[in-house]
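Overview (structure and organization)
Here are the chains, one letter per residue:
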Number of protein chains: 2
Amino acid sequence: MRFGRRGFCKAWQGQIKDAGYRLTIPRQVILDVLANNTGHLSAEDIYLKVHKIYPQIGLTTIYRTLDLLVSVGVVLKSDFGDGRARFEIKIKDKTHHHHLICTKCSRVIDYTDFIDKELKLLAETKKGLSEKFDFEITGHLIQFYGVCKDCRS
Amino acid sequence: MRFGRRGFCKAWQGQIKDAGYRLTIPRQVILDVLANNTGHLSAEDIYLKVHKIYPQIGLTTIYRTLDLLVSVGVVLKSDFGDGRARFEIKIKDKTHHHHLICTKCSRVIDYTDFIDKELKLLAETKKGLSEKFDFEITGHLIQFYGVCKDCRS
DNA sequence: CTGGAAATGAAAATCATTTTCAATAAGGGG
DNA sequence: CCCCTTATTGAAAATGATTTTCATTTCCAG
Ligand SMILES: [Mn+2]
Ligand SMILES: [Mn+2]
Ligand SMILES: [Zn+2]
Ligand SMILES: [Zn+2]
């Protein structure tokens, strides 16, 4: 079992232990797979990759571990509207980003640009909405849909 | 069969025929139910309501008709993250709006306020993203999550 | 009115995710 | 280092929203 991003893995493993969970082989392997794949993977994508390293893994464990990692704050879960959840590990510095989704080929682009302006609007909107509807806003979802370069040629 | 919002119904029925579809009883009843319920209904919600008026309806027809209405542009389909799609009819003037979703009770609030500022940011962001990633943006999704007044008391 | 295409409804199929439950493994105390 | 308790795992079955299939019914143009 090779661990890329070893430093990060250590930190993530710490988060798991700190939350009171055991550090099992399946969890380490799943974390490792997530750490070495930048994309937005489905549970099955992850299952297939983990399976190569640790063939006795069960899909159930993938789902359970992903839930755990999301709850601990190590993993981000997204829904791009294709009926399956997508997961990506939260890497230091590249934390808050939004998604640009190609409706033709399902390619997903992360972007952090324009986040400054967005943040400003978000702050204003949040304030306005909170006051107007007496609603305590805890999160937001912003996604753009369109057609990527390749799918237009 | 009573039709509220009769004027609108006529217009919507026109859209269906214009798109080359037949104007059947199930479609009229579903349209009627949507027109008289402002909320964000699931397919089953709609099925139950339609069933009272037209008991022979099948859930399959609900799904098929909703697809059709969405494709024709008469109905808006949303996903609030609870595993079932929600539908609402597009009423003149209150067209473009976003959603505020209570994570405790699932209440959904429509809002059009701040849309102006949002639109401005959206325009800028769209332009920036289009240029930077050579991506043709066709749509966006913006939702706020939080806890409503009632769920905090 | 009528024929043929479009639409419908019941039942079965899909498919991602969850639940159940018996077997296994982690890791703190001895 | 070894146990013991309890968390975790994996296989299989269950779930639940949505889709597909297919035989029957309905719409509506001619
Ligand atoms: Mn991402
Ligand atoms: Mn709405
Ligand atoms: Zn594409
Ligand atoms: Zn609430």
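What comes next is a walk through the structure. (Residues numbered from 1 in each chain as written. Chains lettered and ligands numbered in written order. Predicted model: local features only at pLDDT ≥ 70, side-chain atom pairs only at ≥ 80, totals over all residues. Heavy atoms only, no water.)

1. Remarks on the overall build of chain A
- For chain A, the count of helices and strands is six helices and six strands.
- The linear arrangement of helices and strands in chain A, starting from the amino end, is α-α-β-α-α-β-β-β-β-α-β-α.
- Considering only C-alpha atoms, chain A reaches an extent of 50 × 45 × 25 Å along its principal axes.
- Within the span of chain A, comprising 153 residues, buried residues form 42% of the whole.
- The contacts of chain A with a sequence gap of at least 6 include a subset with a gap of at least 24, amounting to 51%.
- Put simply, chain A shows about 8,300 Å² of open surface, and 50% of that area lies on carbon and sulfur atoms.
- One way to put it: in chain A the 25 positive side-chain charges average out to a point 7 Å from where the 18 negative ones average out. (Helix = DSSP H or I, 4+ residues; strand = E, 2+ residues; numbered from the N terminus. Buried < 20%, exposed > 50% of the residue type's maximum accessible area, 1.4 Å probe, protein only. Contact = heavy atoms within 4.5 Å. Areas by Shrake-Rupley, 256 points an atom, 1.4 Å probe, with all protein chains shown as cover. Lys, Arg positive; Asp, Glu negative; His and termini not counted. Charge placed at Lys NZ, Arg CZ, Asp CG, Glu CD.)

2. Remarks on the coordination of the manganese ion (ligand 2)
All names here are of chain B.
- The protein atoms donating to the manganese ion (ligand 2) are His40 (NE2), Glu88 (OE), Glu88 (OE), His97 (NE2), His99 (NE2) and Asp110 (OD), with metal-donor distances spanning 2.1 to 2.5 Å.
- Around the manganese ion (ligand 2) sit six donor atoms; with metal-centred angles ranging over 54 to 173°, the donor geometry is irregular.
- We note that the donor set of the manganese ion (ligand 2) lies within a single chain, spaced as H-x47-E-x8-H-x1-H-x10-D. A residue pair is termed long-range when its members are at least 10 positions apart, and histidine 99 in strand E4 (residues 98-102) and aspartate 110 in strand E5 (residues 108-111) qualify at eleven residues. (Donors = N, O, S within 2.8 Å, 3.2 Å for Na, K, Ca; no water. Tetrahedral: all angles 85-135°; square planar, octahedral: opposite > 155°, others 65-115°.)

3. Re the protein's contact with DNA strand D
- What surrounds DNA strand D is a group of 23 residues, the closest being Thr24, Thr61 and Arg64 of chain A together with Tyr63 and Arg84 of chain B.
- What you see for DNA strand D is that sugar and phosphate hold 66% of its atoms within 4 Å of the protein.
- Contacts to DNA strand D include arginine 22 of chain A, whose side-chain N or O atom sits 3.2 Å from a base oxygen.
- Put simply, the parts of the chain that give the surface near DNA strand D at least two residues each are helix H2 (25-35) and helix H4 (59-72) of chain A together with helix H4 (59-72) of chain B. (Near = heavy atom within 4 Å. Polar contact = N/O pair within 3.5 Å; in protein donor to acceptor, adjacent residues only side chain to side chain.)

4. Some points on the sheet that holds strand E3 (residues 85-89) of chain B
Residue and element names in this part refer to chain B.
- The three strands are arranged E1-E3-E2 in an open sheet whose pairing can be described as antiparallel. The sheet terminates laterally at strand E1 (41-42) and strand E2 (75-79), the two strands that pair on one side only.
- In the sheet, E2 pairs with E3 via five bridges, with the strands oriented antiparallel. Along E3, the bridge assignment pairs serine 78 with arginine 86. (Pairing = 2+ DSSP bridges.)

5. A look at the protein's contact with DNA strand C
- Taken together, 23 residues lie around DNA strand C, and Tyr63 and Arg84 of chain A together with Thr24, Thr61 and Arg64 of chain B are the ones closest in.
- Per the 4 Å cut-off to the protein, sugar and phosphate atoms form 65% of the nearby atoms of DNA strand C.
- In this structure, arginine 84 of chain A approaches DNA strand C through a side-chain N or O atom, which is 2.3 Å from a phosphate oxygen.
- Residue arginine 27 of chain B places a side-chain N or O atom 3.0 Å away from a phosphate oxygen belonging to DNA strand C.
- Listing elements by their share of the surface near DNA strand C, those giving two or more residues are H4 of chain A together with helix H2 (25-35) and H4 of chain B.
- Looking at side-chain class alone, the surface near DNA strand C contains eight nonpolar, eight polar and seven charged residues. (Nonpolar A, V, L, I, M, F, W, Y, C, P; charged D, E, K, R; others polar.)

6. Digging into the relation of the copies chain B and chain A
- When chain B is fitted onto chain A, the two copies agree to an RMSD of 0.1 Å after a turn of 180° and an axial shift of 0.0 Å. Such a combination of turn and shift is consistent with a two-fold rotation axis. Minimal C-alpha distance to the rotation axis in chain B is attained by isoleucine 142 of chain B, lying at 2.3 Å. (Least-squares fit on C-alpha atoms with pLDDT ≥ 70 in both.)

7. Quick notes on the coordination of the zinc ion (ligand 3)
All names here are of chain A.
- The protein atoms donating to the zinc ion (ligand 3) are Cys102 (SG), Cys105 (SG), Cys148 (SG) and Cys151 (SG), with metal-donor distances spanning 2.2 to 2.4 Å.
- Coordination at the zinc ion (ligand 3) is tetrahedral: its four donor atoms span angles of 103 to 115° at the metal.
- For the zinc ion (ligand 3), the donor residues sit on a single chain with the sequence spacing C-x2-C-x42-C-x2-C. Placement of the pair is cysteine 102 in strand E4 (residues 98-102) and cysteine 148 in the loop between strand E6 (136-147) and helix H6 (149-152), with a sequence separation of 46 residues.
- Given the relative accessible area of 1%, cysteine 102 is considered buried.
- Residue classification places cysteine 148 among the buried residues on the basis of a relative accessible area of 1%.

8. Looking at the interface of chain B and chain A
- Contacts between the two partners involve 37 residues from chain B and, on the opposite side, 37 residues from chain A.
- When chain B packs against chain A, the two sides together hide about 3,500 Å² of surface, and 68% of this comes from carbon and sulfur.
- Our count for the chain B to chain A interface comes out at six salt bridges.
- In this structure, the salt-bridge partner of lysine 149 of chain A is aspartate 134 of chain B, at a minimum N-O distance of 3.8 Å.
- Those elements that provide at least two residues to the side of chain B that touches chain A are E4, E5, helix H5 (115-133), strand E6 (136-147) and helix H6 (149-152) of chain B.
- Residue classes in the side of chain B that touches chain A are distributed as 18 nonpolar, seven polar and twelve charged.
- Two elements, E6 of chain A and E6 of chain B, share eleven bridges in a ladder whose sense is antiparallel. (Buried area = accessible area lost by both parts, 1.4 Å probe. Salt bridge = Lys/Arg side-chain N within 4 Å of Asp/Glu carboxyl O.)

Geometry only, nothing functional implied.
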